[in-house]
Amino acid sequence: MKTLATYSIKGGVGKTTTAVNLAYEASRAGARVLLWDLDPQGAATFCFRVKPLVKGGVERLIGDKTALATNVYATDHAGLHIVPADFSLRHLDLHLDDSKRPIRRIATLLDALADLYDVAFLDCPPGVTLASESVFAAADALLVPTIPTTLSKRTLDQLSEFLADHPDPPVILAFVSMVDRRKKLQRQLVTELTEQTRGLLPTAIPNASAVELMGVERAPVAVYAPASPSALAFRQLWADVAARLWN
Amino acid sequence: MSGAAVTFTSRERDPADAISALAGLGFVAEPSHTVTRTLLDSFDGRLHAAGLRLELNEGAGLDLILSGLDVVPARVRVDSVPRSAADLAPGPFRTRLAAVLDVRALFAVLRVTSTQTRATLRDRAAKTVATASVHDDVRVLDRDGVAGVPRWIVEVDEIEGYAKPARQARDVLGEQLGLERVDGDVLTIAAAGAGVDLAGFSSSPTVPLDPAMPAIDGFRAVLANLADTIVANWQGTIDRVDPEFLHDLRVAVRRTRTIVTQGKRVLPPAVVEQAGERFAALGSLTGPVRDLDVYLIEWQSYTEPLGADAMAALEPVRAVLARRRDEAHAALVAAMRSDAAAELMAAWRAWLNDPAGDEVPNVHADRALGKVVAKRIARVHATLVEDGRRIGPDTAAAEIHDLRKDAKKLRYLLECFASLLPKAPRKAFVRPLKALQDNLGEHQDAEVHIATLRAIAGELHDLGASSDTMLAIGQLSERLDQRRLAARAEFDRRFANYDTKSTRRAMRTALDALEE
């Protein structure tokens, strides 16, 4: 099983949108996928219409090695399962801190399900916390949505520098997110990001109304707008990721 | 993980009764449509043996579904039916299939059609919490007169995390409606009804034997089983469905030769003389094709470490290998389609089927099989050890190849008569023998592949190949030579691990049990 985390130090850059749509595209391409919603807002859980409930709360989820398996729910899409989030996850750092080897904890919990899935997606809240350290230790790759703003490159560089000191750091797979190609400045910033960021995935995700509808439709974009540029972009983005990690 | 589907049928009730009962629980039925499901597996049932099931679902499109007990089902849409794992797009689905199938082709094991009505139960958030599929007019395709398949079947799927609604549906269908619960799902029920063995064909040389039986009967049983393997793999070899058909046919032919040679005092002398020679001739024709198959299968692992540029420069070499393989295969096919081959197999089958026809029984024909086999194994083992101890730093490659033949003879005897030998001691000496064989195989493959590469280099040079190609051939040749030298350096350790007192003790224990 490969573990991919949608992560960014910044909030509001499209992490959950990426997690939901790439998890769907991965399952559509034949992978057995587990999406673990680690964000107490539970937006990914909501998008798959699953009840926001962690049995026993985050304390049991983190403390009991068997609890992750009992919190798995099938989504309405073949091969795609989810561990939902609830508001108790706001105390994730606290309970990680109480656990044995907190940095390794998320990896240890996922190990129990490693034979059942090909890919685990971790949808992470923003920020640099103990939870994100544990995610870095578990993840083979970080999927980093990068919006076309002048500060985004700096944030990405900060993440690269931070991970450089880690033993066995995850691969950073950054890509441009929420791009509005009608705006000249954004087009210019995308060009600059592409030129300045080594290994940037070639597919950019557009900022489109189809994506905004996810909260209404409660489904991945490709389910309700299969021919939309956003759906096609997420499909291509998954192909980019798969080519990097499986070829 | 959720369990497999729970399945019901009934002679008294109709599909409409099941759909109506499900509707009472809140299930909403979708329009019915015809679905054809095809079970795919390799000729030797590798997916089945690995606890997996690959299904092609033909409905609105072509979907491949890879599932199994306690396995999260994976689904992928395809444009056409894949012939092997290599036909699928890169990704986890292909990786999982390739890990089990390797180079084996996929076959349609069973095709089942039905009129399917899918019913779904959703919660207040419109999330699916249970599904059921009613299959009416279930028919096995491409097979006449299948009588054992129920006319209709309803499957209730439990969805991970939502056990309760599925349990309620099962209770209503089973207890209230009185449907009969049946094991399996549509495909396994249809397979059982049609008498389809999902295990596939086994090329295993092992047959049940009794050490006290007359040696001639034991040898004949082993040879009959090998003849079945040759016949089963014959057409697949001609059609070149996948390289394993030729491999299994070749091994069965070589095992036949070994058993015939080792049975020279058991089998009728005329049989030993004729069959030995003719199977040797057939076996030698399979050699060049197999060598080139192995070369092409290993091509990527040989060339990838040299880098993309070298791989591109070596493409003319790969093309020559493929062409030579095609030519060697054509020669083999011509031989297999010849009257001589047909006569060989017909005469062989006739002798195997007619135990009373042995006019001149051989001297050991009526001896106890166990005693004869024990003696043969001990003799071949002694030869292997004797020859192995003579191998030194300057031994010619041909002598090492002869040692490989000794090892193969011993292995074939052990495999073909495995049912006579106690498992634990047999494993104790087969393990180091196998390790030795692997080493000898690596050495031989490298030897043959270096010689082939040199011949191709000469051919391409005369045709004016580019300097890039000639340089890349040099790189590849060096790499193959490194493999050869590594295998040669490893030989002493592998042989020493085989030539031990503990191996001999284990063998003695196994053979003593045979002679009791």
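Just so we're clear, the structure is a prediction, and the values are computed from it rather than from any experiment.

Draft legend 1. How the structure looks around the overall build of chain B. Helices and strands together make up the secondary structure of chain B, namely 16 helices and ten strands. Dimensions of chain B along its principal axes, counting C-alpha atoms only, are 85 × 65 × 50 Å. For chain B, the proportion of contacts with a sequence separation of at least 24, taken over those separated by at least 6, is 72%.

Draft legend 2. Spatial organisation of the overall build of chain A. Across its full length, chain A holds 13 helices and seven strands. Taking 2.2 N^0.38 as the reference for a compact globule, 247 residues should give roughly 18 Å; the C-alpha atoms of chain A span a radius of gyration of 17 Å, in line with that estimate. Taking the principal axes of its C-alpha atoms as reference, chain A extends roughly 50 × 40 × 35 Å. Burial statistics for chain A: of 247 residues in total, 50% are counted as buried. Long-range contacts, defined as pairs at least 24 residues apart, comprise 77% of the intrachain contacts of chain A with a sequence gap of at least 6.

Draft legend 3. Molecular detail of the pairing of strand 7 (residues 107-122) of chain B. Residue and element names in this part refer to chain B. Alignment of strand 2 (residues 28-29) against strand 7, held across two bridges, turns out to be antiparallel. Bridging from a neighbouring strand, Val 28 pairs with Thr 120 of strand 7. Alignment of strand 3 (residues 33-41) against strand 7, held across nine bridges, turns out to be antiparallel. Residue pairing for strand 7: Asp 41 is matched across the bridge by Phe 107. Bridge count for strand 7 against strand 8 (residues 128-140) is ten bridges, and the pairing is antiparallel. What sits directly across from Val 112, in strand 8, is Val 140.

Draft legend 4. Structural context of unusual backbone geometry. All names here are of chain A. The phi dihedral of Arg 101 is positive, around 40°, even though this residue is not glycine. If you trace the backbone, Arg 101 turns up in the loop between helix 5 (92-98) and helix 6 (102-111). Here Met 178, not a glycine, exhibits a phi torsion of approximately 55°, which is positive. Examined against the element boundaries, Met 178 turns out to sit in the loop between strand 7 (171-176) and helix 9 (184-196). For Met 178, a count of 20 C-beta atoms within 10 Å translates into the label buried.

Draft legend 5. Representation of the confidence of the model for chain B. On average, chain B scores 92 in pLDDT, and the residues at 70 or more come to 98%. Interface scoring of the predicted complex returns ipTM 0.89; its pTM is 0.86.

Draft legend 6. Local environment of the nonpolar core. Counting residues in hydrophobic clusters, the biggest one holds 201 residues, and the most contacted among them are Leu 22, Ala 23, Val 33, Leu 35, Phe 121 and Val 135 of chain A. With sequence-adjacent residues up to four places away left out, Val 135 of chain A is seen in contact with Ala 5, Tyr 7, Ile 106, Leu 122 and Cys 124 of chain A.

Draft legend 7. Structural view of the interface of chain A and chain B. Across the boundary between the two partners, chain A contributes 20 residues, which contact 19 residues of chain B. Breaking the side of chain A that touches chain B down by element, the ones donating at least two residues are strand 3 (73-74) and helix 13 (229-246) of chain A. A class-by-class count of the residues in the side of chain A that touches chain B yields twelve nonpolar, four polar and four charged.

Draft legend 8. Summary view of the sheet that holds strand 1 (residues 2-6) of chain A. Residue and element names in this part refer to chain A. Pairing within the open sheet is mixed, and its seven strands lie in the order 3-4-2-5-1-6-7. Whereas interior strands pair on both sides, the edge strands pair on one side only; in this sheet they are strand 3 and strand 7. Across four bridges, the pairing between strand 2 (residues 33-37) and strand 4 (residues 80-83) is parallel. Across the sheet, residue Val 33 finds its bridge partner in strand 4, namely Leu 80.

Draft legend 9. Structural view of helix 13 (residues 397-416) of chain B. All names here are of chain B. Taking 1.5 Å per residue as the helical rise, helix 13 with its 20 residues ought to reach 28 Å, and the 28 Å between its terminal C-alpha atoms agrees with that figure. Among the residues making up helix 13, those that are buried are Ile 400, Leu 403, Ala 407, Lys 409, Leu 410, Tyr 412, Leu 413, Leu 414 and Cys 416. Against helix 6 (215-239), helix 7 (243-262), helix 12 (369-389) and helix 14 (423-462) lie the buried residues of helix 13.

Draft legend 10. Broad picture of the packing of helix 6 of chain B against helix 7 of chain B. Residues and elements named next belong to chain B. The geometry of helix 6 relative to helix 7 is characterised by a closest axis approach of 8 Å and an angle of 155° between their N-to-C directions. Between helix 6 and helix 7, the angle falls in the class roughly antiparallel. Relative to helix 7, the crossing made by helix 6 is left-handed. Residue-level contacts link Phe 219, Val 222, Leu 223, Leu 226, Thr 229, Ile 230, Asn 233, Trp 234, Gly 236 and Thr 237 of helix 6 to Phe 245, Leu 246, Asp 248, Leu 249, Ala 252, Val 253, Arg 255, Thr 256 and Ile 259 of helix 7.

Draft legend 11. Fine view of helix 13 of chain A. Residues and elements named next belong to chain A. For helix 13, built from 18 residues, the straight-helix expectation of 26 Å at 1.5 Å per residue is met to within 8% by its first-to-last C-alpha distance of 25 Å. Listed in full, the buried residues belonging to helix 13 are Ser 230, Ala 231, Ala 233, Phe 234, Arg 235, Leu 237, Trp 238, Val 241 and Ala 242. In the core, the buried residues of helix 13 are packed alongside helix 1 (15-28), strand 7, helix 10 (209-212) and helix 12 (221-224).

Draft legend 12. Seen up close, the packing of helix 12 of chain B against helix 13 of chain B. Residue and element names in this part refer to chain B. Helix 13 packs onto helix 12 with a crossing angle of 155° between their chain directions and a minimal axis gap of 9 Å. When the axes of helix 12 and helix 13 are compared, the pair comes out roughly antiparallel. Here the hand of the crossing between helix 12 and helix 13 comes out left-handed. Contacts between helix 12 and helix 13 pair Arg 376, Ile 377, Val 380, His 381, Thr 383, Leu 384, Asp 387 and Gly 388 from the former with Asp 402, Leu 403, Asp 406, Ala 407, Lys 409, Leu 410, Leu 413 and Leu 414 from the latter. Considered class by class, the residues forming the contact of helix 12 with helix 13 number eight nonpolar, three polar and five charged.

Draft legend 13. Representation of the environment of Arg 122 of chain B within the structure. All names here are of chain B. Looking at where Arg 122 falls in the secondary structure, it is placed in strand 7. Taking C-alpha positions, Arg 122 is 8.0 Å from Gly 26, a pair spaced 96 residues apart along the chain. Residue contacts for Arg 122: discarding those within four places in its chain leaves Lys 127, Thr 128 and Val 129.

Draft legend 14. Spotlight on the environment of Thr 146 of chain A. Residue and element names in this part refer to chain A. With respect to the helices, strands and loops of the structure, Thr 146 is situated in strand 6 (residues 141-146). For Thr 146, a count of 27 C-beta atoms within 10 Å translates into the label buried. The spatial distance from the C-alpha of Thr 146 to the C-alpha of Leu 193 is 8.9 Å, given a sequence separation of 47 residues. Look past the residues within four positions of Thr 146 in its chain and what remains in contact with it is Ser 152, Leu 156, Ala 174, Phe 175, Val 176, Ser 177 and Leu 193.

Draft legend 15. Spatial organisation of the environment of Ser 230 of chain A. All names here are of chain A. Among the secondary structure elements, Ser 230 is positioned in helix 13. Sequence-wise, Ser 230 and Lys 55 are 175 residues apart; in three dimensions their C-alpha atoms are separated by 34 Å. In this structure, Ser 230 is in contact with Ile 205, Pro 206, Ala 208, Ala 210, Val 211, Val 221 and Ala 225, ignoring residues within four places of it in sequence.

Definitions and cut-offs
- Residues numbered from 1 in each chain as written.
- Chains lettered and ligands numbered in written order.
- Predicted model: local features only at pLDDT ≥ 70, side-chain atom pairs only at ≥ 80, totals over all residues.
- Helix = DSSP H or I, 4+ residues; strand = E, 2+ residues; numbered from the N terminus.
- Contact = placed C-beta atoms within 7 Å.
- Rg over C-alpha atoms; globule rule 2.2 N^0.38 Å.
- Buried ≥ 20, exposed ≤ 12 C-beta atoms within 10 Å, placed from the backbone.
- Pairing = 2+ DSSP bridges.
- pLDDT = per-residue confidence, 0-100.
- Core = buried A, V, L, I, M, F, W, Y, C linked by C-beta atoms within 7 Å.
- Nonpolar A, V, L, I, M, F, W, Y, C, P; charged D, E, K, R; others polar.
- Expected span 1.5 Å × (residues − 1).
- Axes fitted to C-alpha atoms, helices over the stretch in contact; angles between N-to-C directions.
- Parallel < 35°, antiparallel > 145°, perpendicular 65-115°, else oblique.
- Left-handed = near helix turned anticlockwise from the far one by under 90°.

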